[in-house]
Every structure is written in C-alpha cells, then in structure tokens.
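Listed here are the chains, written in short residue letters.
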Amino acid sequence: MKKPLIYFVLSLVILTTACSNDDNNEKSSPKLGELSLTSPLDNSTCEGIPISSTKSEVTLAWEPTSDTDSYTLTITNLETNKVVLVKNNIETTSYKVTLDKDVPFSWKVSSTDDLSMEFNNLSTVWKFYASAGESVANYAPFPADLIAPIQDKVVTAVDGKITLKWMGSDTDSNGLKYTVYLDKVDGKQTPVTALTNISDTQISVPVTSGVYYWRIKTSDSNSSSFSQIVSFTVN
C-alpha cells in the first residue's frame with residue numbers, strides 16, 4: 001500500500017513542477033530593444049505631399065519589433081505643445097497623417113503585445129517640419145527640450161543654486177543661442193542679462209525655496225522659438 005501512495009505523490013510533484021515551469025515561460029517575455037524610427041528623419045524639413053495651401057500629407061514609418069501585435073503613434077505640435085494625434089492599434093509599420101505646413105512637429109512610436117497588453121518598446125522622439133517640399137529660407141529652431149528640472153520635480157539647492165539643463169536643435173545647424181526665463185510668476189518675466197544669449201545648454205542659477213517656472217528661448221541668426229513652460233519646487 002505504501003508504494004502506490006509514493007508513486008501518486010511523486011506524480012503530483014512532477015505535474016505541479018511542469019505546470020509551474022509552463023506558467024513561468026508564458027509570463028516571461030524577452031527583453032526588447034528600442035524601437036527605431038525611419039522616416040521622417042530627425043530635424044528634417046520638406047516632408048510630405050501638399051494637399052492644400054496649408055496642409056501636407058506625411059507618411060511616418062518605423063522598423064518592426066519582435067513580439068509586437070500593434071503600435072501606437074503620437075504626434076505633437078511643438079508650437080502649441082499640444083498632442084494632435086494618438087493613434088492606437090496600428091498593425092503596420094507606417095501611417096499617413098495630414099498636418100499643417102511649416103509647423104514643427106515631434107513624433108514617437110510605442111509597441112504592444114497581446115500577451116502583456118502593455119507597452120514593451122518605445123522609440124526616441126524625432127522632430128520635423130511638414131513643408132511638403134516647399135523651399136523655406138530659414139526654419140525657426142525647434143523648441144528646446146527641458147531636461148532638468150522636469151515638471152513638478154522637487155529639487156534641493158546646493159549652496160543656494162541649482163542647475164538648469166536643456167537641449168536645442170535646428171534644421172540647418174546654425175549656431176544657436178539661448179535665453180533662460182526663470183521666475184516665480186509664470187515663466188514669462190523678463191530675464192536678467194546673465195540669462196540671455198547663452199551658448200551652453202546648462203546653467204547654474206541662484207534660487208530660494210518655493211515654486212519656480214522656467215522655459216527656454218532658442219534663437220539662430222534669423223528666428224527663434226520657445227519651449228514649453230515647466231514648474232518645479234525648491235525645498
């Protein structure tokens with residue numbers, strides 16, 4: 001009577017172990033790399049096909065990723081900092097969209113697999129002008145990306161100072177200059193001279209405790225653009 005009982009217990013252990021391994025294999029997913037965008041290129045111009053005097057049709061494309069069932073495309077108008085498109089459940093690696101001409105846009109793509117139902121891959125953010133092949137003497141620089149501090153960040157001053165960091169870009173690689181707007185009102189107050197006409201993309205500034213607002217004006221020899229306004233707190 002003891003041997004059948006032993007065999008029965010061993011069978012349960014083997015079956016349980018096998019099921020556990022199957023479950024683990026099913027739940028685990030391979031570590032995926034970054035999703036690669038292909039077109040329009042970053043900081044490019046003259047993109048798209050004209051469909052009216054103010055509109056252009058642009059095809060955005062990216063590389064396929066493994067274990068992906070669909071993609072989500074996000075496009076942002078950089079002049080207004082408003083998202084103009086979030087398209088989910090794209091099952092191909094390209095998508096056509098109609099955009100305003102001579103306006104800077106950014107775009108990014110994320111991928112989803114049905115197993116996890118979560119984003120498992122995310123591209124970098126690229127920028128372009130949808131000018132539909134029309135010649136423009138000079139494009140305004142793209143609005144700067146504010147790197148630090150980010151929105152709603154709580155920071156600690158060191159010796160009464162913090163460091164602001166940003167990144168600027170331009171379509172024609174002109175030398176860029178930056179003006180830092182930093183205040184406790186709205187990020188639009190006139191900056192002091194020391195925060196104007198800066199070539200670097202970071203600067204140490206004196207602060208006191210409280211909520212601050214900041215933005216960056218990016219300028220080349222002909223035109224300029226403003227970043228979004230970000231608020232943060234100095235404790």
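One can find the structure itself at the top, above this paragraph.
Residues numbered from 1 in each chain as written. Predicted model: local features only at pLDDT ≥ 70, side-chain atom pairs only at ≥ 80, totals over all residues. Heavy atoms only, no water.

**A closer look at the pairing of strand β15 (residues 210-219)**
Note that strand β13 (residues 177-183) and β15 share seven bridges and pair antiparallel. Note on β15: the bridge partner recorded for leucine 182 is tryptophan 214. As defined by bridge partners, β15 adjoins strand β17 (residues 230-234) across five bridges and the pair is classed as antiparallel. The partner of tryptophan 214 across the bridge, within β17, is valine 230. Relative to strand β16 (residues 224-226), β15 is paired through three bridges, and the arrangement is antiparallel. Across the sheet, serine 219 pairs through a bridge with serine 224, a residue of β16. A loop of four residues connects β15 with β16, the two strands running antiparallel in sequence. (Pairing = 2+ DSSP bridges. Helix = DSSP H or I, 4+ residues; strand = E, 2+ residues; numbered from the N terminus.)

**Observations concerning the sheet that holds strand β14 (residues 202-206)**
If you walk across this open sheet you meet the three strands as β10-β12-β14, and the pairing is antiparallel. Edge positions in the open sheet fall to β10 (142-148) and β14, since each of these has one partner strand only. On average, each strand axis in the sheet is inclined to that of its neighbour by 30°, with strand direction left out of account. (Axes fitted to C-alpha atoms, helices over the stretch in contact; angles between N-to-C directions.)

**Observations regarding the layout of surface pockets**
In this structure, the largest pocket encloses a volume near 580 Å³. Together, 25 residues line the largest pocket, and Leu78, Ser106, Val125, Lys127 and Asp145 are the ones closest to its centre. Every element with two or more residues in the lining of the largest pocket is listed here: β4 (70-77), β7 (104-112), β10 and β12 (161-169). The dominant element in the lining of the largest pocket, judged by the number of residues it contributes, is β10, at four residues. (1 Å grid on protein atoms, 1.4 Å probe; cavity = no way out; pocket = protein on both sides within 12 Å on 5 of 7 lines; lining within 4 Å. Points joined across faces, edges and corners; volume = space filled by probe spheres on them.)

**Points about a negative patch on the surface**
Taken together, the side chains of Asp67, Asp69, Glu91 and Asp114 define an acidic patch exposed on the protein surface. Topologically, aspartate 69 is positioned in the loop between β3 (55-62) and β4. Relative accessible area serves as the criterion here: at 36%, aspartate 69 is assigned to the partly exposed category. (Patch = residues over 30% accessible without salt bridge, like charges linked within 9 Å, V, L, I, M, F, W, Y side chains within 5 Å. Areas by Shrake-Rupley, 256 points an atom, 1.4 Å probe, with all protein chains shown as cover. Salt bridge = Lys/Arg side-chain N within 4 Å of Asp/Glu carboxyl O. Lys, Arg positive; Asp, Glu negative; His and termini not counted. Charge placed at Lys NZ, Arg CZ, Asp CG, Glu CD. Buried < 20%, exposed > 50% of the residue type's maximum accessible area, 1.4 Å probe, protein only.)

**Topic: the side chain of serine 56**
Within the element layout of this structure, serine 56 appears in strand β3. Polar side-chain contacts of serine 56 include one of 3.4 Å to the backbone oxygen of glutamate 47. (Polar contact = N/O pair within 3.5 Å; in protein donor to acceptor, adjacent residues only side chain to side chain.)

**A few points about the side chain of threonine 72**
Within the fold, threonine 72 resides in strand β4. Judged by relative accessible area, threonine 72 falls into the buried class, the value being 8%. At 3.1 Å, the side chain of threonine 72 forms a polar contact with the side chain of asparagine 88.

**Considering the nonpolar core**
Counting residues in each nonpolar core, the largest one holds 21 residues, and the members touching the most others are Leu164, Trp166, Val180, Trp214 and Phe232. Looking at this core, the elements with two or more residues in it are β10, β12, β13, β14, β15 and β17. Formed by 19 residues, the second largest nonpolar core is a distinct cluster that contains Leu37, Val58, Leu85 and Val103. (Core = buried A, V, L, I, M, F, W, Y, C linked by side-chain atoms within 4.5 Å.)

**What about the packing of aromatic side chains?**
In this structure the tally under the stated criterion is nine aromatic pairs. For the pair tyrosine 129 and phenylalanine 142, a centre-to-centre distance of 5.2 Å together with 40° between the ring planes defines the contact as tilted. Of the two residues, tyrosine 129 is situated in strand β9 (residues 126-129) and phenylalanine 142 in strand β10; the sequence distance between them amounts to 13 residues. The pair tyrosine 129 / phenylalanine 142 is uniform in exposure class, with both members buried. Ring centres 5.8 Å apart and planes at 15° place the aromatic pair tyrosine 212 and phenylalanine 232 in the stacked group. Highlighted residues: tyrosine 212 in strand β15 and phenylalanine 232 in strand β17, separated in sequence by 20 residues. Of the two residues, tyrosine 212 and phenylalanine 232, neither departs from the other in class, the shared state being buried. Counting every residue linked through ring pairs, the aromatic cluster contains Tyr129, Tyr139 and Phe142. For the cation-ring pair, arginine 215 lies above tyrosine 181, with the distance from its terminal atom to the ring centre recorded as 4.5 Å. (Phe/Tyr/Trp six-rings, centres within 6.5 Å; stacked < 30°, edge-to-face > 60°. Lys NZ or Arg CZ within 6 Å of the ring centre and 35° of its normal.)

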